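# Architecture at a glance
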Amino acid sequence: MRSWPGPGSHLIFLMWVLCLTAILPAGQMLPLLITVLLFGLLNGGRGLSPLRRARFWIMILSIIAISPWILGQADEAWGPWRLSRQGLFMGLEMALRAICLLLAFSVSVRSLSPGEMVRLFEGVGLKGLGFALGVALNLLTTLGATIEAAYHTIRLRGGHRRPWLALKLLLITTIANALRYGDDVVKAASARGFDPGVQHPQPPLFRRADGVFALSLVAVAGVLLLHPW
Amino acid sequence: MIKEKTAGLARYTVRDWVYVAVFGALWGAAELTLGSYLHVLFPPLADTFVIGLIMAGLGSILLLVGRCFVPRAGAVLMMGIITAVLKAFSLGGIVIGPIVAILAESLLIEIALLLTRQPVRWHFALAGSLAVSWNFFHKFIMMRLLFGKGIEAVYLKMIQDGSRVLHLDVRYSLLILLILFLVRVAVGALCGWLAWDLGSAVQRRLAPAAAPEE
Amino acid sequence: MTSDEAIIQVRHLTVHYGSTCALCDVSLDVAAGSFTLISGPSGCGKSTLALCLSGLVHHIPATRVRGQVRVDGMDPSAHSPAQLASHLGLVFQNPSTQLFNATVSEEVAFAPRNLGLPAEEITARVTFALQATGITHLSQREVRHLSAGEQQLVAIASVLALRPRVLVLDEPTANLDWHSTERLLSTLRRLQREEGLTVVIIEHRLQTIAPLAERAIIMDTGRIVADGQPADVFADKERLTALGLYYPWHQAEHDLKKYISAPRSSPPPSEPLIRLQGLEAGYGRRRVLHNIDLALYPGEFVALVGNNGAGKSTLARVLAGILRPRCGKVIWAPALRRLPAGRRVGLLFQNPLHQLVCDRVEDEVSFGPRNYRRNADGGLEDILVAADLSALRHRRPQALSAGQQQRTALAATLALSPHLLILDEPTMGQDWGHLSRLMDFLTHLNDAGQTILLITHDYKLICHYASRIIWLHEGRIMGDGTAVKSDSGERPPSCQTHASLFANTKAQSEGQP
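Residues numbered from 1 in each chain as written. Chains lettered and ligands numbered in written order. Predicted model: local features only at pLDDT ≥ 70, side-chain atom pairs only at ≥ 80, totals over all residues.

Next up on the list: the overall build of chain C. Looking only at helices and strands, chain C has 16 helices and 18 strands in total. In chain C, which comprises 513 residues, the share counted as buried stands at 50%. (Helix = DSSP H or I, 4+ residues; strand = E, 2+ residues; numbered from the N terminus. Buried ≥ 20, exposed ≤ 12 C-beta atoms within 10 Å, placed from the backbone.)

The following block contains the structure:
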């Protein structure tokens, strides 16, 4: 596992952004967004992938586009239309807040590897949940294949002509086969000595570097709250 | 130092956790394949009602059937967490809306099933209707969380302007919203009802064959 | 061998699942450091024996166990699987059900962590296990992205991290192609020689494993029926045949070119059933099939061969109409164009369990005809009789043996009278006895005019049954020709071959390395 930022820092950062979006005044959203972008870049940029998605920008630009028409008093003429400057700023503020939250969530979660996510669960005492996550990740491909095979089998045999029966049979077959795989997993895990009821000492979730990081974020929050841009 | 815990989730056996993983993976696989396919099929503005309803219904069914096989408090919520994490790791990046929906639906089902130790069909129907009814509130809550208070004014203005353009009383808008809500409740109840039957059918399908193949 | 030298001792072991006797009074000793092969037909008790050695049998509901087992001085019935894991490691058939972590190193560390070992010890054991299995270069890879063969090596490494003295493997090569199988077996051999590991391997595929084994045990209906040196045990061909086991005395040729003779000088007189022209297909951005030109003719029995990842299953999906090609043409015979996909093609997937969707055999077989409103009842009897399923008609398909499941899935597919029948790797989980019965049934169908496309990397099937072989490699057709028949016109004998059986290879020119 990498030294920093680890799962603890990601958790701290996400909580920090959530708190600040609730208490920061409107004008401070831009510096908060810049902080989020910097943290995302620090993590290699993986968590910034929403910025490349069309749906993301459709949602953001829709709010910015609608707001001058709907919010505030219409005080600007734009051709035949009357728009609101106040509404535009309100729309921009809402958009910045949404971008901050979405990117913070994406950066915090997406930058974690599956193994670190498992460690996160184990670190908070959920050993079984960490194990289940690993099992689920590795079973995903197999279950996808069983769903596909059952679906195509039913379809090739004309199941689409009786859709409700087909759906019922698909669900029963898929779930039953998945549980059979699960029984094999139980045997294998037991053979490797796994016991969810026995907790062994885990490396601490929060380390010194995370503490330093948390203090840094508190300082940044203070600057944002006390020194408006 | 090995510490043995005897309370709460630590009582889960290996089989319980594996089955939690299986149902979490099943819903995750459905979200990743069917969910993506439906988002392509339907335009973005339609997704909450149609796609959201389908995925919420399917998720409720899978969670409730899973509850038949892991009859422990917290199991449904654990399945939901697994699915949410799998969704978070899916290709294409984080989509926070579905993740929140998955967690909310599993939490609502968990709450509904806490009402009784031995659920019967009606509990499943109640749990299903609670879970799917989240779909009605999901968009509003997500927009409120993301965009803040200002979005409330946007929605209210849209309702007022829409009523004016269509020459409808605003109360009709509320009626439409109520109908949409009741549709979700009904769909959810139906899903819960069906999940009860499906759980029994799966148990019959798996009933011993006495022995493993060898 | 004295009891003192034996690392595994089994005395009068009897296991009942409900009323079924899975193991009946089995006694055996296994010497430390030996390489033992256990084989037998499906349902003979091999896997149950493995579960008894590991202690897992005691966790199966409705199981009664009598007798004594000792593994490395431990009694499995008196210890938990966790306590036994550092004495006996158990590797199962399906690698994807043995992987619980994200990366290879985390997976290998899983078992030592479960035992609460110190971090330094865990690191040392992980290093040892990765080196011993030759997968150190994979340590940071995500296990779900590995090939089946690599995953199986990870499963072995994760078991080795506990430093057991005994390694039991239950059909570890079932899902692997020849290359992955060779790699896995050479790893096991090296572990036995260099680490002094006792290896017990349960397998149907005798050809590749028997030469490595120092001892062979054959089981049938819960009992040991043969036990000794492999050369002696496998010399009794009558017994092997009666048990449905296949041991070719001649090493099968793994160079696929050798199975293909010269292409036909002229195409058959009939119109092709289906023709592919310039076909390309894949998944997402990945292109799997490249410029495929192929025609299948009525009444052919075609083997589609190639290593894992060659594109065989992708081609089957295109033929079945469940995968749309990106470019090129799929041209069906005019009489078949209006038929629904399921009436044109019957596709049998690898795992029969995945395609058994009903709760009774007769419902399974009649499902398709009922959907298409064909005469479901009239044809049902004929198909059940032909597939030898009449006595099982009211049984749950999922509760049948692997061979019976395979026949049920096949019968359900044939109930729609498809013009082309595609079988995708039908050898999975099948012993040779079941498989030869299935293949003889297919031969009978083919003799009656059924066109069959058999996808396989099992060379003995190619030898016995196919009249035409298409070799696929990295999405391209590298060879397409007929299998040579013997002078009598009969199908080629088993792989006790004469050199004349393999004529010179003339593969298709385009794309040939």
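And the narrative resumes.
Tallying the contact residues gives 55 residues for chain A and 49 residues for chain B. Of all the secondary-structure elements, those providing two or more residues to the side of chain A that touches chain B are helix H3 (54-70), helix H4 (85-110), helix H5 (114-123), helix H6 (127-156), helix H7 (163-191) and strand S3 (198-199) of chain A. The greatest single-element share of the side of chain A that touches chain B, amounting to 13 residues, is contributed by H6 of chain A. The residue inventory of the side of chain A that touches chain B, partitioned by class, reads 40 nonpolar, eleven polar and four charged. (Contact = placed C-beta atoms within 7 Å. Nonpolar A, V, L, I, M, F, W, Y, C, P; charged D, E, K, R; others polar.)

Right, let's talk about the sheet that holds strand S2 (residues 20-31) of chain C for a bit. All names here are of chain C. Taken in spatial order, the three strands of this open sheet run S2-S1-S4, and their pairing is antiparallel. This sheet does not close on itself; its edge strands, each paired only once, are S2 and strand S4 (63-71). Adjacent strand axes in the sheet meet at a mean angle of 0° when their direction is disregarded. Examined bridge by bridge, strand S1 (residues 6-17) and S4 share eight bridges and lie antiparallel to one another. Each residue of the ladder has a partner; that of valine 15, found in S4, is valine 65. (Pairing = 2+ DSSP bridges. Axes fitted to C-alpha atoms, helices over the stretch in contact; angles between N-to-C directions.)

Now for helix H4 (residues 119-133) of chain C. All names here are of chain C. Here H4 is 15 residues long and its end C-alpha atoms lie 21 Å apart, about the 21 Å a rise of 1.5 Å per residue gives. Buried residues along H4 sit against helix H3 (104-114), helix H5 (148-160) and helix H6 (178-195). Looking one or two residues beyond H4, the residue adopting positive phi is glycine 134, at roughly 70°. (Expected span 1.5 Å × (residues − 1).)

All names here are of chain C. As summarised here, the arrangement of the three strands in space is S11-S10-S13, forming an open sheet in which the pairing is antiparallel. The sheet is open, and its two borders are formed by strand S11 (286-296) and strand S13 (327-332), each paired with just one other strand. When strand polarity is set aside, the average angle formed by the axes of neighbouring strands in this sheet is 25°. Taken together, the seven bridges between strand S10 (residues 274-283) and S11 define a ladder with antiparallel strand orientation. Bridged to leucine 276 within S11 is leucine 294.

The next subject is the pairing of strand S17 (residues 468-473) of chain C. All names here are of chain C. Counting buried residues along S17, five of its six residues qualify, which places the element largely inside the surrounding structure. Two strands pair when backbone bridges link them, and strand S12 (residues 301-305) and S17 are joined in this way by four bridges, in the parallel orientation. Counterpart to valine 302 in the pairing with S17 is arginine 468. Both S17 and strand S18 (residues 476-482) contribute to a ladder of six bridges, which runs antiparallel. Within the sheet, the bridge partner assigned to isoleucine 470 lies in S18 and is aspartate 480. The turn joining S17 and S18, which pair antiparallel and follow one another in sequence, is formed by two residues; a positive phi near 50° is taken by glutamate 474.

So, about the confidence of the model for chain C. Do not read the predicted coordinates in detail wherever pLDDT is low. Residues and elements named next belong to chain C. Mean pLDDT over chain C works out to 84, with 87% of the residues at or above the 70 mark. Note on residues 486-513: pLDDT under 50 across the span, and 44 contacts to partners over four residues away in sequence or across chains. Both scores are available for the predicted complex, with the pTM at 0.87 and the ipTM at 0.85. (pLDDT = per-residue confidence, 0-100.)

This paragraph deals with the nonpolar core. Residues Ala132 and Ala136 of chain A, Val20, Ala21, Leu26 and Ile82 of chain B together with Ile422 of chain C are the most contacted members of the largest nonpolar core, which totals 280 residues. The biggest single contributor to this core is H6 of chain A, with 15 residues. Two domains each donate at least three residues to this core, and these are domain 1 (7-118 + 203-226) and domain 2 (126-191) of chain A. Excluding residues within four positions of it along the chain, alanine 21 of chain B makes contact with Ala132, Val135, Ala136 and Leu139 of chain A together with Ile82 of chain B. (Core = buried A, V, L, I, M, F, W, Y, C linked by C-beta atoms within 7 Å. Domains from an automatic or database assignment.)

Here we come to H7 of chain A. Here H7 of chain A spans 42 Å end to end across 29 residues, near enough to the 42 Å set by a 1.5 Å rise per residue. Just downstream of H7 of chain A, glycine 193 of chain A is the residue with a positive phi angle, here 80°.

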